[in-house]
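Structural overview
These are the residues of each chain, in order.
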Amino acid sequence: MEEQYHSICETVQKMEASFAHFSAHLSMQMCLQQQVHLNASASVEPQVLLEFKEYATEVDVDFVRRAVRAIGRCAIKLEKAAERSNHNKKEMEFSFLQLTISIIALAAIAQTSFVQSACDSDCVKGFVAAHNAARQTVGSPPVNWNSTLADIAESYAAKRSADCVPQNSNGLYGENIAVASAELSPADSMKLWMGEKKDYDHASNSCTSGNNCRSYTQVVWGGSTSIGCARVTCKTDWMFVICYYNPPGNYMGEKPY
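Analysis parameters
Residues numbered from 1 in each chain as written. Predicted model: local features only at pLDDT ≥ 70, side-chain atom pairs only at ≥ 80, totals over all residues. Heavy atoms only, no water. Phe/Tyr/Trp six-rings, centres within 6.5 Å; stacked < 30°, edge-to-face > 60°. pLDDT = per-residue confidence, 0-100. Contact = heavy atoms within 4.5 Å. Pairing = 2+ DSSP bridges. Helix = DSSP H or I, 4+ residues; strand = E, 2+ residues; numbered from the N terminus. Axes fitted to C-alpha atoms, helices over the stretch in contact; angles between N-to-C directions. Disulfide = S-S within 2.5 Å. Buried < 20%, exposed > 50% of the residue type's maximum accessible area, 1.4 Å probe, protein only.

**With respect to the packing of aromatic side chains**
Applying the stated rule across the entire model yields 5 aromatic pairs. Linked through ring pairs, Y200, Y216 and Y257 together constitute an aromatic cluster.

What follows is the structure, given as C-alpha cells:
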C-alpha cells in the first residue's frame, strides 16, 4: 500500500509542474505522512487516492474539482483508519486546518481563468472537427491543433475574463472571437462564425452590404494549417472564446479558397 501512496505523490509532483501550486502536494504529503503510521490491517481505500493518477494529465477545471473531492475522501478514509488502529490518537491526528486550507486553495484554482480557459481533449477535438467540417465544404485542407497557439489563446482569454469584451488581440496570428451570455461549445462558436457565410461573395471576394464576413473567411482560409483555441467564463458570467490561426488569413486581395 505504501508503494501506491508513493506513486500518488509522484503523480502529484507532475501535476505541480503544470499548476505551479503547492496545495495538492501539501495535501498529498499529509496523506502519505498519516499512512506511514497505519498498520497493515488498517483499511485505507487506495482507489480514493488513485483518482489523482486518473486525472493528473487533465489541466482543466473538472480535474481540480475532482481532486478537491478526492482529498476530502482521503481525509475521511485516513481518519476512520486511524480510529480503527490502536495508535495514539494524538500521533494519528490529521491536520484538518491545513487540509481545509489546501482544499480552499484548490477550489480557488478551479475558479481562475487560467484553468477555465484551458481546452481539454474533447474541446480540442470539437474545435478541430468543426473547423475541418467547414473547410471541407469549400475544398480547403484540414487544420491541426497547435499547443503553442492554444497557450497564447489561453493567455489572452485570461486577460479578457474580467470584462468579456470581444476585442482583438492584434497579434501575429489570425483570430476569431465569440462571446455569449451562455456557454459556448466549439460547435456553438463555429456556428456564430459560419453564420457570416451568407455575407461573403466569393466572386467579388468581399463582404456584402457592408457586413462583416472575416470570421468566416478565416475559418475556411486555405493557407491556414493550424489552430489553437481557448474558452473562459468571465466575471460577468458571459463566455469568451478565441481561436488563433497560423499562418494567418484574410490577406488583402487574396481569396480564402
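There is more to say, and it comes next.
**Here's the deal with the confidence of the model for the chain**
Interpreting fine coordinate detail is not advised for predicted regions of low pLDDT. Per-residue confidence for the chain gives a mean pLDDT of 75, with 54% of residues at or over 70. Segment residues 18-61: pLDDT under 50, and 105 contacts once partners within four positions in sequence are set aside and those in other chains are kept. Below pLDDT 50 for its whole length, residues 110-115 participates in 16 contacts with residues either more than four positions away or in separate chains.

**Details of the sheet that holds strand β6 (residues 239-246)**
Hydrogen bonds between backbone atoms are what pair the strands of a sheet, whose relative direction is either parallel or antiparallel. Taken together, the 4 strands give an open sheet; going across it, the order is β1-β5-β6-β2, and neighbouring strands pair in mixed fashion. Edge positions in the sheet fall to β1 (144-145) and β2 (174-180), since each has one partner strand and no second. As judged from the 2 bridges shared by β1 and strand β5 (residues 226-233), these two strands associate in the parallel manner. Residue pairing for β5: N144 is matched across the bridge by S226. With respect to the sheet, helix α8 (residues 121-136) is in contact with β1, β5 and β6, its orientation differing from that of β5 by roughly 125°. Its contacts with the sheet put helix α9 (residues 147-160) on β1, β2, β5 and β6, and the angle it makes with β6 is roughly 145°.

**Brief notes about the state of the cysteines**
On inspection of all chains with the given rule, the structure shows 4 disulfides. The disulfide partner of C207 is C213, and the gap between their sulfur atoms is 1.9 Å. Because the torsion about its S-S bond is -85°, the bridge between C207 and C213 counts as left-handed. Overall, C207 belongs to the partly exposed group, its relative accessible area being 27%. Residue C213 is classed as buried on the basis of its relative accessible area, which comes to 2%. For C229, the disulfide goes to C243, at an S-S distance of 2.0 Å. Looking along the S-S bond of the C229-C243 disulfide, the torsion reads about 110°, which is the right-handed sense. Residue C229 is found in strand β5, and its partner C243 is found in strand β6; the two are separated by 14 residues along the sequence.

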